[in-house]
2 protein chains.
Amino acid sequence: MTTAVHPLDKEDPLAHKRAAFHIPANTIYFDGNSLGLMAPSVHERVNQALRHEWGDDVITSWNKHGWIDLPLTVGDKIGRLIGAPEGQTICCDSTSINLFKVLCAALQINSDRSEILSTTDNFPTDLYMVQGIEQWLGERCKLRLVSEDSLLNEINENTAVVLVTEVNFRTGRRLPMAHISQRAKQCGALTVVDLAHSAGALPVDVVANEIDFAVGCTYKYFNAGPGAPAFLYAAERHLKQQRQPLHPLYGWLGHAAPFAFEVNYAPADGIRQFLTGTPPVLSLVAVDAALDLFADVTMSDIRTKSIGLSSYWLECMDKHGLLDVMPCISPVVADERGSQLAFQHAEAYAICQALIAEGVIADFRAPEYLRIGFAPLYNSYAEVESAVSRLAVIMQEKRYLNAEFQQRSKVT
Amino acid sequence: MTTAVHPLDKEDPLAHKRAAFHIPANTIYFDGNSLGLMAPSVHERVNQALRHEWGDDVITSWNKHGWIDLPLTVGDKIGRLIGAPEGQTICCDSTSINLFKVLCAALQINSDRSEILSTTDNFPTDLYMVQGIEQWLGERCKLRLVSEDSLLNEINENTAVVLVTEVNFRTGRRLPMAHISQRAKQCGALTVVDLAHSAGALPVDVVANEIDFAVGCTYKYFNAGPGAPAFLYAAERHLKQQRQPLHPLYGWLGHAAPFAFEVNYAPADGIRQFLTGTPPVLSLVAVDAALDLFADVTMSDIRTKSIGLSSYWLECMDKHGLLDVMPCISPVVADERGSQLAFQHAEAYAICQALIAEGVIADFRAPEYLRIGFAPLYNSYAEVESAVSRLAVIMQEKRYLNAEFQQRSKVT
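This one's a predicted model, so the numbers in the text were calculated from it and none came from an experiment.

For chain A, the count of helices and strands is 14 helices and twelve strands. The C-alpha atoms of chain A give 22 Å as radius of gyration, which agrees with the globular expectation for 412 residues (22 Å, within 12%). When the backbone C-alpha atoms are referred to their principal axes, chain A occupies close to 65 × 55 × 40 Å. Buried residues in chain A amount to 66% of all 412 residues. Considering only intrachain contacts with a sequence separation of at least 6, the fraction spanning at least 24 residues in chain A is 72%. Accessible surface, chain A as shown: approximately 13,900 Å² in total, 50% of it carbon and sulfur.

Okay, here's the thing in structure tokens:
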């Protein structure tokens, strides 16, 4: 876009990482919180799996290329980025399914209580999974929803599980995990944390925060590709406790001896007991390769740049006088937000479409929010400046009133 | 291997399909019942999804390239091969997870009964999934296991669900679905059928057989790649019945309006209500492309060739005097078996390893079976002749006694 390097990019210790990604032509991509960009190294790894592993070695690859252990080896790579010791994180299934497993586990461990406490503004699928359990288990599970502001005070001695997404998918608000977890511990409640908007975007420490169970997705800040398998973390103290299987999804890969083909289920030791069916290997090797891009960076550097990018975005918006027109609903204190910003406007959907037409990819969240995601591995300060300039033109010219931008697509 | 074309291959109307697959060098592959071979067209399609869809169009691909509808469009392609009308089959999750969903649905529809009747020799993950439900639902679900021979007679007025895998994964025995389904209907029981070893291998007609629910995998005879997403079929009569959601896995993509981000779950109409989380797109496009290889063939031709290959295998074994040494435990009547043969021998594991060392890929199933899968789209009669010759040498020389072939791998 610009010939001179932006001064902020010059000082960015992560600036070199951008070259590891395929940046789509004529595109400024601020939607890494929805789907991260593809890295050619990921493409190459999937190709390798297709051509040599599946193509040439076919079934023998389960042993020869370690396919059978991929959920655990990939899980451990994720574990290192969320503060988990080895052997406590797996990569498999979807976030929804993994959430079901850990919620059932937590309910079983705390079986003298039935309340799952969460926030009304949690990501819907998280609440839906609880509602499903509620309907099927009857009195053994009861969802109670409270506001984010009151969550800390609402945790009490009746709470079996506190279910929380660390970073709000809409507002980007980051909830105080240390406090929530501490309060939960005091009350004898377990914590189940959705790290979908945290993992890969900011430092997470499941051990220091004494998180009991966590789940999250790999297709956002981990850049592992559309619908890539999700992850699941369980604290070691729960993996040892095994009077009966921790969750009802007794799939064969979670069995203690999957290839003995025994009639009765017996859960594997450790984190493997959370595996279910055969994992989608092509999607799983993409996660494996995508995680390697984090090998030479620190989550602290990522967080610093994330805050740098979002703060600069706000600064540019302010300079263009846009913050009055479309107020920011994300926390103004950088430490209290994740790696995104959300702006409110009645025409947010059309504004987002007009931005896309200008080559700036952001996304819309119902009912009226424009969401900007910052991916520190590939976004630049120059992109921020350029994107906000384009947004300013759109707002000034009221382009969002054009009929073409008003038409809703299936996926918004 | 041979320069002259085998006379049986000359007459094979499916012989040309072999060219659509990547045949690994120096390999005779008889394990398509475990993992089908890769077709270059599948490789190309995944590459396309990587480079152009994810790589260039990133998030916009959910609309632009129809990612959001892939579970249904791919599902319909599968539906056409199992006799399902449009809109009743989806492709998503694993077979295990899909089984959980349909078992819960069937139990709910038949909620005045609790018995799930199945066979002791069913594929273990199928039984495990029931055991998981049993443990969690208590008295609302009770698994009863009977022998394959007695199944038909054991279905009675207490049976809520008959859970059956059409083709036994070990013996290759094909159970009489029409009779089982008819008997189930008479008794007011619902049928849940695992088509893992049927779909793509033999004609299936879920409508003619009045199957209530079916699941199956795509990485065997559909050649869609390791761990590729599974499928789920539900009869239309059950899709209309919606007093409450049919299963407890309330994922956001099964919601009536996933992008409205509502707090409360409300299931989508039709088959979409069986979707859960975000599907692994790279693995799903592989299924999509793999199914296209069935566009110009009939399941009847596939069945004819399947029987041709297995019968010829038995004939060759007989010629080499091998059937006395390692008896065939699969039905001798071709119509009563699926697309595989299994042979019993105390050293079956080592024999399988010795075969692999000779370039013949088959597999072993505990405790002592050598399993040979026939994939009519790419296997040839010449391969059968050659593979059995090599097996004869191995047996004659007792090569299976070599220490190297005795050592067990993780995946067998």
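It is worth spelling out the side chain of E383 of chain B at this point. Along the polypeptide, E383 of chain B turns up in helix α13 (residues 381-396). With near-sequence residues (within four places) excluded, E383 of chain B lies in contact with R18, T27, I28, Y29, F30 and Y378 of chain B.

This part covers the domain arrangement of chain A. Residue and element names in this part refer to chain A. Domain assignment breaks chain A into domain 1 (7-30 + 298-406) and domain 2 (44-294). With centres defined by C-alpha atoms, the gap from domain 1 to domain 2 works out at 30 Å. Contacts between the two partners involve 26 residues from domain 1, matched on the other side by 18 residues from domain 2. Where domain 1 abuts domain 2, roughly 1,700 Å² becomes buried across the two surfaces, and 60% of that area is made up of carbon and sulfur atoms. Looking at the side of domain 1 facing domain 2, the largest losses of area belong to M299, R303 and Q340, adding up to 29% of the total buried there.

One pass over the full model with this rule turns up 39 aromatic pairs over all chains. Look at F222 of chain A and F294 of chain A: their rings are 5.4 Å apart centre to centre, the planes differ by 85 degrees, and that puts the pair in the edge-to-face class. Residue F222 of chain A is found in the loop between β7 (213-216) and β8 (230-234), and its partner F294 of chain A is found in the loop between α10 (281-291) and α11 (299-319); the two are separated by 72 residues along the sequence. You'll find F222 of chain A and F294 of chain A in the same group, each marked buried. By the ring-pair criterion, three or more aromatic residues cluster together here, those being F123 and F169 of chain A together with W252, F259 and F261 of chain B. Above the plane of the ring of Y349 of chain B lies R408 of chain B, whose end atom (NZ or CZ) is 4.3 Å from the centre.

Along helix α2 (residues 40-57) of chain A, the largest kink reaches about 30 degrees and is centred on A49 of chain A. Among all positions of α2 of chain A, only V42, H43, R45, V46, N47, A49, L50, E53, W54, G55 and D57 of chain A are buried. Looking at the buried positions of α2 of chain A, the neighbouring elements they touch are α3 (61-64) and α10 of chain A together with α2 (40-57) of chain B. The positive-phi residue at the C-terminal boundary of α2 of chain A is V58 of chain A, with phi of around 40 degrees.

A few words on the sheet that holds strand β3 (residues 115-119) of chain A. All names here are of chain A. The strand order across the open sheet built from seven strands is β2-β8-β7-β6-β5-β3-β4, with neighbouring strands paired in mixed fashion. Every interior strand has two partners, whereas the edge strands, β2 (89-92) and β4 (142-146), have only one. Across this sheet, the average inter-strand angle for adjacent strands is 20 degrees, counted without regard to direction. As judged from the five bridges shared by β3 and β4, these two strands associate in the parallel manner.

Residues and elements named next belong to chain B. Pairing is mixed across the open sheet formed by seven strands, whose spatial order is β2-β8-β7-β6-β5-β3-β4. Across the chains shown, the open sheet's two edge strands, defined by having one partner strand only, are β2 (89-92) and β4 (142-146). Each neighbouring strand pair of the sheet contributes to a mean axis angle of 20 degrees, computed without reference to strand direction. Packing of helix α5 (residues 95-109) onto the sheet brings it into contact with β2, β3 (115-119), β5 (159-165), β6 (190-194), β7 (213-216) and β8 (230-234), and relative to β7 it is tilted by some 170 degrees.

Applying the stated criterion to the full structure yields 50 salt bridges over all chains. For R174 of chain A, the salt bridge identified is with E166 of chain A, shortest N-O distance 3.2 Å. Residue R174 of chain A shares its accessibility class with E166 of chain A, and that shared class is buried. Of the charged contacts, one joins E53 of chain B and R45 of chain B as a salt bridge, the two residues approaching to 3.2 Å between their closest N and O atoms. You can call E53 of chain B buried: its relative accessible area is 5%. In this structure, a network of salt bridges that share partners links the residues R45, E53, K77, D288 and D292 of chain A.

Right, let's talk about the relation of the copies chain A and chain B for a bit. Least-squares fitting of chain A to chain B yields an RMSD of 0.0 Å, with the superposition described by an axial translation of 0.0 Å and a rotation of 180 degrees. When the rotation and shift are considered jointly, the pair of chain copies conforms to a two-fold rotation axis. Closest approach to the rotation axis within chain A is made by the C-alpha atom of S283 of chain A, at a distance of 2.9 Å. Taken together, the interface assignments show that 100% of the residues at the interface of chain A recur at the interface of chain B, consistent with an identical surface on both copies.

It is characteristic of soluble globular proteins that their nonpolar side chains tend to be buried jointly. If you look at the biggest cluster of nonpolar residues, it comprises 306 residues, and the most contacted ones within it are F274 and W313 of chain A together with F274 and W313 of chain B. When near neighbours in sequence (up to four residues on either side) are disregarded, W313 of chain A contacts F30, L341, F343, I372, F374, V384, A387, V388 and L391 of chain A.

With the exception of glycine, most residues fall at negative phi, and the peptide bonds are largely trans. Residue and element names in this part refer to chain A. Here the amide bond leading from A366 into P367 is cis, since omega sits at 0 degrees, within 30 degrees of zero. With a phi angle near 50 degrees, N26 is a residue other than glycine that sits in the positive phi range. On the secondary structure map, N26 appears in the loop between α1 (7-10) and β1 (28-29). Under the relative-accessibility criterion, N26 is labelled exposed at 66%. Phi is positive for N223, which is not a glycine, with a value near 55 degrees. The residue N223 is located in the loop between β7 and β8 in this model.

What counts and how
- Residues numbered from 1 in each chain as written.
- Chains lettered and ligands numbered in written order.
- Predicted model: local features only at pLDDT ≥ 70, side-chain atom pairs only at ≥ 80, totals over all residues.
- Heavy atoms only, no water.
- Helix = DSSP H or I, 4+ residues; strand = E, 2+ residues; numbered from the N terminus.
- Rg over C-alpha atoms; globule rule 2.2 N^0.38 Å.
- Buried < 20%, exposed > 50% of the residue type's maximum accessible area, 1.4 Å probe, protein only.
- Contact = heavy atoms within 4.5 Å.
- Areas by Shrake-Rupley, 256 points an atom, 1.4 Å probe, with all protein chains shown as cover.
- Domains from an automatic or database assignment.
- Buried area = accessible area lost by both parts, 1.4 Å probe.
- Phe/Tyr/Trp six-rings, centres within 6.5 Å; stacked < 30°, edge-to-face > 60°.
- Lys NZ or Arg CZ within 6 Å of the ring centre and 35° of its normal.
- Bend = angle between axes of the 7 residues up to and from the residue.
- Pairing = 2+ DSSP bridges.
- Axes fitted to C-alpha atoms, helices over the stretch in contact; angles between N-to-C directions.
- Salt bridge = Lys/Arg side-chain N within 4 Å of Asp/Glu carboxyl O.
- Least-squares fit on C-alpha atoms with pLDDT ≥ 70 in both.
- Core = buried A, V, L, I, M, F, W, Y, C linked by side-chain atoms within 4.5 Å.

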